[in-house]
Every structure is written in C-alpha cells, then in structure tokens.
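# Overview (structure and organization)
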Amino acid sequence: RVSHALRLAMVAESIRALKEHGDKAYAARDFAKATEWYSEALESVQDVAVLSNRSATYSQRRRFDKALVDAERALKLDPGWPKLYHRRGYALFHLGRFEEALAAFQQGLKLEPKEPSLLEALAKLEEYTEPGPTFLSSTPSEPDAQRADLPEASLPKSTASSKSARPKRVG
C-alpha cells in the first residue's frame, strides 16, 4: 500500500515532468503542443504555474477567452503573484475590455511597482487606447468567484461598459 505522502510526491513529480514538456514545446513555439502538455498536467491538480503557462499559450494562439479563464483561476490560487495580473490584463486587453485590463495591470503594479512586463503593458495600453467618457472614473469590480468555473460559451465577450476606452484612430 502506497502512503498518502508518497502518492502526493508521485503526482507532483508527474506534474513537474508534464510542465517541463510544456515548457519545451512553448520554447519551440509549438503552442498547441504546449497547451496539450499543460492541460494534461492540470487534469491531476490545479497548479498556479501550469495555469499561468497555459494562459500564455492560449494568448499565443489568440484564444484570449481561454487565456483569461486560466489567468483568473491562477489568481484565485495565488493573488499575490504579479505575473498573473499581467496574464489577466493581456487577455482582457485583447478582448477589448480596456478598463479591466488597466485595473489588472495596476493591481499587479501595486504588488511589484517596478515589474517590467506590467510597466510595458501599461505603457502599451495607454499608447494604443484613448480615454472614453468613463475611463478611469470607476474601478471595475473584482472577478466573480464563480466566473472562472463557467463554460467558455457562457462568458461574456465584452460589454459596452467595459469598452469606455477606445482604440486610437490613426490619421
């Protein structure tokens, strides 16, 4: 009979190996394969690093809806990790939810004010959008605790209230 502690160690080793396969596929820019490896690892346990990495692979594949779900699930597990706010904000930005993206980047910067990826993302958000009438006038609410558990089809794509910042027009 295998002890509970030994089983947990075996699961952790299995997840680590699957994550490493996913990391190698990501480095090789095989984002579909990386997603498969990370998804297999997540079948055993919800791991914050694996969720974060899968969120990145979904973003690379332009599946920002799924990237957002993984970022929000990861944030539930570790709300103190600034990188997760970047993952969430990046997905929100590409879904056209600019105010929520801004809030995510700002939340991450509260945790780590000099985080380069968050500073760069915030600068790009400001460069590529212009304020609308309600931009920065209110803080969007925290993500609903149930939202990440909803099927993809039931997630709203974007709403008028979350689009008060607009893409800048050129010319």
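The sections below set out a description of the structure shown in this document. Values in this document were obtained by computation on a predicted structure and should not be read as measured data.

To continue, consider the overall build of the protein. Counting its secondary structure elements, the protein contains 7 helices and 2 strands. Overall, the protein shows an N-to-C arrangement of helices and strands of α-α-α-α-α-α-α-β-β. Scored against the burial criterion, the 171 residues of the protein give a buried share of 39%. The long-range fraction of contacts in the protein, counting pairs at least 24 apart against all pairs at least 6 apart in sequence, stands at 61%. With the model as given, the accessible surface of the protein reaches about 10000 Å², and the carbon-plus-sulfur share is 55%.

With that settled, consider the packing of aromatic side chains. What the rule picks out here adds up to 3 aromatic pairs. Between F93 and F98, the aromatic rings sit 5.4 Å apart at their centres with planes inclined by 65°, giving edge-to-face as the arrangement.

Here the focus is helix α6 (residues 98-111). The terminal C-alpha atoms of α6 lie 20 Å apart, and with 14 residues this matches the ideal 20 Å at 1.5 Å per residue to within 8%. Within α6, 10 of the 14 residues are buried, which leaves the element mostly enclosed by the surrounding structure. Listed as buried for α6 are F98, E99, E100, A101, L102, A103, A104, F105, G108 and L109.

What the rule picks out here adds up to 9 salt bridges. Residue K33 pairs with E36 through a salt bridge whose shortest N-O separation is 3.3 Å. Taken together, the residues span about one helical turn, with K33 and E36 both in helix α2 (residues 31-42) at a distance of 3 residues. You can call K33 partly exposed: its relative accessible area is 34%.

Bringing the nonpolar core into the picture now. Among soluble globular proteins, nonpolar side chains are generally buried collectively. Residues L92, F105, L122 and L125 are the most contacted members of the largest nonpolar core, which totals 15 residues. Sorting the residues of this core by element identifies α4 (64-77), α5 (82-94), α6 and α7 (116-128) as the ones contributing at least two each. Per-element tally for this core: the top contributor is α6, with 6 residues. Among residues more than four places away in sequence, those in contact with L122 are L102, F105 and L109.

Note on placement: L77 falls in helix α4. In this structure L77 comes out as partly exposed when scored by relative accessible area, which is 46%. Along the primary structure L77 and L51 are separated by 26 residues, whereas in three dimensions their C-alpha atoms are 9.8 Å apart. Once residues lying within four places of it in the same chain are set aside, the contact partners of L77 are Q46, D47, V48 and L51.

Take the packing of helix α3 (residues 48-60) against α5 next. In contact at an axis separation of 10 Å, α3 and α5 are set at 30° when each is read in the N-to-C sense. The angle between α3 and α5 falls in the class roughly parallel. Regarding α3 and α5, the two cross each other, and that crossing is left-handed. Between α3 and α5, the contacting residues are V48, S52, N53, S55, A56 and S59 on the first element and K83, L84, R87 and Y90 on the second. Of the residues in the contact of α3 with α5, the class split is 4 nonpolar, 4 polar and 2 charged.

Attention now moves to α3. Over its 13 residues, α3 runs 18 Å from end to end, which matches the ideal 18 Å to within 8%, given 1.5 Å per residue. Counting buried residues in α3 gives 10 out of 13 residues, a clear majority hidden from the surface. Every buried residue of α3 is accounted for by V50, L51, S52, N53, R54, S55, A56, T57, Y58 and S59. After α3 finishes, the residue R62 shows a positive phi value of roughly 65°.

Calculation criteria
- All residue numbers here refer to positions counted from 1 along the written sequence of the relevant chain.
- It should be noted that, the model being predicted, local features are given only for residues of pLDDT at least 70 and side-chain atom pairs only at 80 or more, the latter also being counted only at that level, while totals for whole chains, interfaces and linings use all residues.
- Think of the side-chain values as coming from all heavy atoms in the structure, minus any hydrogens and water.
- Secondary structure elements are taken from DSSP: a helix is a run of H or I of four residues or more, a strand is a run of E of two residues or more, and numbering for both begins at the N terminus.
- Classification of residues uses two cut-offs on accessible area relative to the type maximum, computed with a 1.4 Å probe and protein chains only: under 20% is buried, over 50% is exposed, and between them is partly exposed.
- The contact criterion used throughout is that any non-hydrogen atoms of two residues lie within 4.5 Å.
- Surface exposure here means Shrake-Rupley accessible area, sampled with a 1.4 Å probe, where a residue is shielded only by the protein chains that are shown.
- Any two of the Phe, Tyr and Trp rings considered here, Trp counted by its six-membered ring, make a pair once their centres fall within 6.5 Å; the pair's planes then place it as stacked at under 30 degrees, edge-to-face at over 60, or tilted in between.
- Given a helix with a known number of residues, its expected span is that number minus one, times 1.5 Å.
- Any Lys or Arg side-chain nitrogen found within 4 Å of a carboxyl oxygen on Asp or Glu counts as a salt bridge.
- Here, nonpolar core refers to any group of buried Ala, Val, Leu, Ile, Met, Phe, Trp, Tyr and Cys residues whose side-chain atoms link them within 4.5 Å.
- Note on geometry: axes are lines fitted to C-alpha atoms, helical ones only across the stretch in contact, with angles between N-to-C directions running from 0 to 180 degrees.
- Here roughly perpendicular refers to angles of 65 to 115 degrees, roughly parallel to angles under 35, roughly antiparallel to angles over 145, and oblique to all remaining angles.
- For any pair of crossing helices, the crossing counts as left-handed if the nearer helix is rotated counterclockwise from the farther one by less than a right angle, and right-handed if it is rotated clockwise.
- The nonpolar class holds Ala, Val, Leu, Ile, Met, Phe, Trp, Tyr, Cys and Pro. Asp, Glu, Lys and Arg form the charged class, and all remaining residues, Gly among them, are polar.

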